[in-house]
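Topology and contacts: notes
If you want the building blocks of each chain, they are given just below.
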Amino acid sequence: MDEKILSLMEKARDALVKNNMAAFIANDSIEAVEIARSLVHEGDTISFGGTQTVVQSGVMDMLKKGNYNLLDRSKCESREEVEELYRKSFFADCYFCSSNAVTLNGELYNVDGNSNRVAAICYGPKSVVMIVGYNKIVKNLDEAVERVKRVAAPLNSKRLNCKTYCLNAEECLGIDGGMTSGCQSDERICCNYLVSARQRQKERIKVILVGESLGY
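Nothing here was measured: the structure is a model prediction, and the numbers come from that model.

Another point: the sheet that holds strand β8 (residues 137-138). Strand order across the open sheet formed by 4 strands is β8-β5-β6-β9, with mixed pairing between neighbours. Lying at the two open borders of the sheet, with one neighbouring strand each, are β8 and β9 (192-196). Bridge count between strand β5 (residues 101-103) and strand β6 (residues 108-112): 2 bridges; the pairing is antiparallel. Its bridge partner lying in β6, Val102 is registered against Leu108. This element, helix α7 (residues 141-160), spans β5, β6, β8 and β9 of the sheet and lies at about 30° to β6.

This part takes up empty space enclosed by the protein. Where empty space is left can be seen by rolling a probe of water-molecule size over the atoms. One pass over the full model with this rule turns up 3 cavities of 30 Å³ or more. Here the largest cavity is characterised by a volume of approximately 90 Å³. If you go around the largest cavity, the residues you meet are Ala153, Ser157, Thr164, Tyr165, Cys166, Cys172, Leu173, Gly182, Cys183, Arg188, Ile189 and Cys190. Those elements giving two or more residues to the lining of the largest cavity turn out to be α7 and α8 (165-169). Across the lining of the largest cavity, the residue classes break down as 8 nonpolar, 3 polar and 1 charged. Along its surface, the second largest cavity is lined by Tyr109, Val111, Val145, Val148, Lys149, Cys172, Met179, Ser181, Cys190 and Tyr193. Only β6 and α7 provide two or more residues apiece to the lining of the second largest cavity. In terms of residues, the lining of the second largest cavity owes the most to one element, α7, which gives 3 residues.

The next subject is the side chain of Thr53. Looking at the element boundaries, Thr53 is found in helix α3 (residues 52-56). For Thr53, a relative accessible area of 1% corresponds to the buried category. With residues near it in sequence (within four places) discarded, Thr53 still touches Ser98, Ile131, Val132, Gly133, Lys136, Leu214 and Gly215.

Quick look at the pattern of salt bridges now. For the structure shown, the criterion picks out 9 salt bridges. Residue Arg37 pairs with Glu34 through a salt bridge whose shortest N-O separation is 3.0 Å. One end of the pair is Arg37 and the other is Glu34, both in helix α2 (residues 29-38) and 3 residues apart, which spans about a single turn. On the basis of relative accessibility, which here comes to 38%, the residue Arg37 falls in the partly exposed class. On the basis of relative accessibility, which here comes to 42%, the residue Glu34 falls in the partly exposed class. Overlapping salt bridges bring together Glu146, Arg150 and Glu171 as one network.

Rules and cut-offs
Residues numbered from 1 in each chain as written. Predicted model: local features only at pLDDT ≥ 70, side-chain atom pairs only at ≥ 80, totals over all residues. Heavy atoms only, no water. Pairing = 2+ DSSP bridges. Helix = DSSP H or I, 4+ residues; strand = E, 2+ residues; numbered from the N terminus. Contact = heavy atoms within 4.5 Å. Axes fitted to C-alpha atoms, helices over the stretch in contact; angles between N-to-C directions. 1 Å grid on protein atoms, 1.4 Å probe; cavity = no way out; pocket = protein on both sides within 12 Å on 5 of 7 lines; lining within 4 Å. Points joined across faces, edges and corners; volume = space filled by probe spheres on them. Nonpolar A, V, L, I, M, F, W, Y, C, P; charged D, E, K, R; others polar. Buried < 20%, exposed > 50% of the residue type's maximum accessible area, 1.4 Å probe, protein only. Salt bridge = Lys/Arg side-chain N within 4 Å of Asp/Glu carboxyl O.

Everything listed here is a matter of geometry and, on its own, says nothing about what the molecule does.
Here it is in structure tokens:
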């Protein structure tokens, strides 16, 4: 791994630990899968948010092939079933997702439209495991906000085919505004904003920092 990348990951890891989160460094996706596997147990009820990182890293394949009770929304046949699964996720043993950004101050920054992911990060599942590529590490919250507006929101709008300004412009309409500035589309994917700082419940949130560029 490049020394600069490793140094960046170590700073982020140490800051997360100071904020009462567990944090791990994986050289690559193979190591990330093994760390993720060590954080769950056979028979656990596991859910996950919409995340390209968990898929790209191979963690999703590990979960689907393992002996877990996986709450998989891709198997739902109606929107009503999806909503019911979202609610069941609050009782999961473990919730897998990524983070839109991780700051060198040990903060997690996440923005959602549907908001089942940010809700589960805050409360509900006994454990939250985040898989995060080094490309999502930023200096501070200002850089985290900019990253979402320039990178995460446009790419996720394209992935989800949401009719938003950033779908075509490839950056947020509110790029020069504050955190919540943006378009007025009914399909806007930036509706709720979550900053996770020091946690009361030690190590409920676990962050696996991966030495690869993963997700949006």
